[in-house]
Amino acid sequence: MSSYENLKISQHGAVQRIFVNRPDKLNALNHATLTELHHAFDAAASDAETRVVVLTGSGDKAFVAGADISEIQSLSPSQAQDFAGHGHALMNKIQHFHKPVIAAINGFALGGGLELAMACHLRIAADTAKVGLPEIKLGIIPGFGGTQRLARYIGRSAALNLMLAGDPIGAERAYALGLVHRLAGADELETEALNWAEKLAQLAPIAVSHILQAVNQGADLNMEAALNLEVNLFALCCATEDMKEGTTAFLEKRKAEFKGR
Ligand code: COA
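Throughout, a residue's number is its position along its own chain's written sequence, starting from 1. Thresholds applied to this predicted model are a pLDDT of at least 70 for local features of residues and 80 or more for the giving and counting of side-chain atom pairs; totals over whole chains, interfaces and linings are not thresholded and use all residues. Only hydrogens and water are set aside; all other atoms, that is, all heavy atoms of the structure, feed into the side-chain values.

Asks: Can you help me understand the packing of helix α5 (residues 146-154) against helix α6 (residues 156-165) in this one?
Replies: Relative placement of two packed helices is described by the angle separating their axes and the distance separating the axes. Between α5 and α6, whose axes approach to 7 Å, the crossing angle comes to 135°. Viewed along their axes, α5 and α6 adopt a mutual orientation that is oblique. Crossing of α5 against α6: the hand is right-handed. For the pair formed by α5 and α6, the contact residues are G146, T147, L150, A151 and I154 on the first element and R156, A158, A159, L162 and M163 on the second. Polar here means any residue outside two lists: the nonpolar Ala, Val, Leu, Ile, Met, Phe, Trp, Tyr, Cys and Pro, and the charged Asp, Glu, Lys and Arg; Gly therefore counts as polar. Of the residues contributing to the contact of α5 with α6, the split by class is seven nonpolar, two polar and one charged. Each axis is a line fitted through C-alpha atoms, and for a helix only the stretch in contact is used; angles between axes span 0 to 180 degrees, taken between their N-to-C directions. What counts as a helix is a DSSP run of H or I of at least four residues, what counts as a strand is a run of E of at least two, and both are numbered from the N terminus. Roughly parallel means an angle under 35 degrees; roughly antiparallel, over 145; roughly perpendicular, 65 to 115; everything else is oblique. The hand of a helix crossing depends on one turn: near helix anticlockwise from the far one by less than a right angle means left-handed, and clockwise means right-handed. Any two residues having at least one pair of non-hydrogen atoms within 4.5 Å are treated as being in contact.

Asks: Sorry if this is basic, but what is going on with the pairing of strand β7 (residues 122-126) here?
Replies: The side chains of a regular strand alternate, residue by residue, between the two faces of the sheet. By the criterion of burial, β7 is predominantly enclosed, with five of the five residues buried. By the alternation rule, side chains of β7 split into L122, I124 and A126 and R123 and A125, which are all buried. What makes two strands pair is DSSP finding at least two bridges between them. Sheet analysis places strand β5 (residues 101-105) next to β7, joined by four bridges and oriented parallel. When the sheet's bridge partners are listed, I105 is paired in β7 with A125. Bridge count for β7 against strand β10 (residues 182-184) is three bridges, and the pairing is parallel. Across the sheet, A126 pairs through a bridge with A184, a residue of β10. A 1.4 Å probe rolled over the protein chains alone gives each residue an accessible area, and that area as a share of the maximum for its type sets the label: buried under 20%, exposed over 50%, partly exposed in between.

Asks: Teacher, can you tell me more about the nonpolar core here?
Replies: Among soluble globular proteins, nonpolar side chains are generally buried collectively. Ranked by size, the top nonpolar core spans 46 residues in total, and within it L37, F41, I105 and L116 carry the most contacts. Beyond its immediate sequence surroundings of up to four residues, L116 is in contact with V20, L29, L37, L55, F63, V64, L90, M91 and I94. Among the nonpolar cores identified, the runner-up in size contains 16 residues, and V15, V54, I124 and L189 belong to it. The set of buried Ala, Val, Leu, Ile, Met, Phe, Trp, Tyr and Cys residues whose side-chain atoms join them within 4.5 Å is what this entry labels a nonpolar core.

Asks: How should the site of the ligand be read in this particular structure?
Replies: Taken together, 17 residues form the shell around the ligand, and within it K25, K61, A65, A67 and I69 come nearest. Here an oxygen atom of the ligand sits 2.6 Å away from a polar atom, N or O, in the side chain of K61. Residue A65 places a main-chain N or O atom 3.0 Å away from a nitrogen atom belonging to the ligand. Areas reported here follow the Shrake-Rupley algorithm with a probe of radius 1.4 Å; residue values treat only the protein chains shown as occluding. Burial of the ligand by the protein amounts to 59% of the accessible area it has alone, namely 860 Å². Secondary structure elements with two or more residues in the shell around the ligand: α2 (69-72) and β6 (108-110). The residue inventory of the shell around the ligand, partitioned by class, reads ten nonpolar, two polar and five charged. Near is defined per residue: the residue qualifies when any heavy atom it owns lies within 4 Å of the molecule or strand. The definition of a polar contact used here is a pair of N or O atoms within 3.5 Å, where within protein one atom must be able to donate a hydrogen and the other to accept one, and adjacent residues in sequence count solely through side-chain atom pairs.

Asks: For this particular structure, what's the right way to read unusual backbone geometry?
Replies: Excluding glycine, residues mostly have negative phi values, and the peptide bonds linking residues are mostly trans. Of note in this structure, L26 is not a glycine but carries a positive phi near 50°. For K253, which is not glycine, the phi dihedral falls at a positive 55°. Considering the arrangement of structural elements, one finds K253 in the segment after α11 (241-251). Residue class for K253 comes out exposed when judged on its relative accessible area of 78%.

Asks: Honestly, the packing of aromatic side chains in this entry has me stumped. Any pointers?
Replies: Pairs of aromatic rings are described using the distance from one ring centre to the other and the angle between the two planes. What counts as a ring pair is set by centres within 6.5 Å for rings of Phe, Tyr and Trp (its six-membered ring), and what kind of pair is set by the plane angle: stacked under 30 degrees, edge-to-face over 60, tilted for all other angles. The full count for this structure, using the stated rule, is two aromatic pairs. When the ring of F41 is compared with that of F97, the centres are 5.3 Å apart and the planes differ by 90°; the resulting orientation is edge-to-face. Taken as a pair, F41 in helix α1 (residues 31-46) and F97 in the loop between α3 (77-95) and β5 lie far apart in primary sequence, 56 residues in all. In this pair, the class of F41 matches that of F97, namely buried. Consider the rings of F83 and F144, whose centres lie 5.5 Å apart with planes at 50°: the pair is tilted. Note that F83 is positioned in helix α3 and F144 in the loop between β8 (130-132) and α5, a separation of 61 residues in sequence. An identical accessibility class is assigned to F83 and F144; each is buried. The rule for a charge over a ring is simple: NZ of Lys or CZ of Arg within 6 Å of the ring centre, and within 35 degrees of the ring normal. Over the face of the ring belonging to F19 we find K8, whose NZ or CZ atom lies 4.8 Å from the ring centre.

Asks: I'm lost on the pattern of salt bridges in this one. Help?
Replies: When the charged atoms of two side chains lie near each other, side chains of opposite charge can form a pair. What makes a salt bridge here is a side-chain nitrogen of Lys or Arg within 4 Å of a carboxyl oxygen of Asp or Glu, nothing more. Taken as a whole and judged by the stated rule, the model has seven salt bridges. For R17, the salt bridge goes to E190, with nearest N and O atoms at 3.3 Å. Here R17 is found in strand β2 (residues 15-20), whereas its partner E190 is found in helix α8 (residues 189-201), with 173 residues between them in sequence. Its relative accessible area of 9% is what places R17 among the buried residues. Residue class for E190 comes out partly exposed when judged on its relative accessible area of 47%. Residue R261 is joined to E241 by a salt bridge in which the shortest nitrogen-to-oxygen separation is 3.2 Å. Here the residue R261 occupies a position in the segment after α11, and E241 occupies one in helix α11, the gap between them amounting to 20 residues. E241 sits in the partly exposed class, given a relative accessible area of 45%.

Shown next, in the form of structure tokens:
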């Protein structure tokens, strides 16, 4: 496994954990960390052993406290475009990743940190976590997709309220808004995230990837094209050994053993 300056990676069977590992800077995303995350997700994509990724932050204080403000401070407008583009490419890579990615939000997920968590497919948060888009307090706007993903996830009105206040909200409020799917006690977060990931890892991987594709790609299409996409992906599932195994196992009243073929 590659070694990284700003990430830590650990493998637990079919589940790979990626830690953003700059705890003394509350895991803030500098340019180098964004680049390493690109590499880590490329490696996880082609790693046959990995079926699910859990993304989290090192230390007990932060998931990611945002893009690195010390780097943002000196950006010219054209450098800012490159920086935001680098972040967008990463968020898009995660959103369109063909294996499920769970964000385990272990503390502050602010600015780019919440944007990173929102690019993941699923989110579980420690009940002590705080999330928000505080960019307005720095005189900027969210630049890694936050203005768009937050509005699509919780609705335009609630998203505007959060972005224009700039204040973080607690995990329970985030759960009530549907921004996180599950809550866990801070001490149980790691175990709960791994248990969830292991359950996902037992599903038929091709069907899982087709659900991710149908929902993510379909959201950017008109209804007719999106439904055509679903038809085609459904048909592709029916070409798999896993489809035969899943349906046969149901009829034989036994647990299916999916092989990813
Ligand atoms: N970029 C760069 N450095 C950051 C950072 C960020 N987004 N968030 C935290 N840090 C650094 C701090 O500068 C500090 O570094 P130092 O020890 O060298 O001074 C270290 O991480 C610890 O942070 P600190 O602010 O001392 O912790 P705290 O517990 O008092 O406050 C937060 C925690 C999250 C409330 C506070 O760090 C914060 O507001 N961070 C910025 C959040 C933000 O605006 N994010 C959006 C960025 S676009």
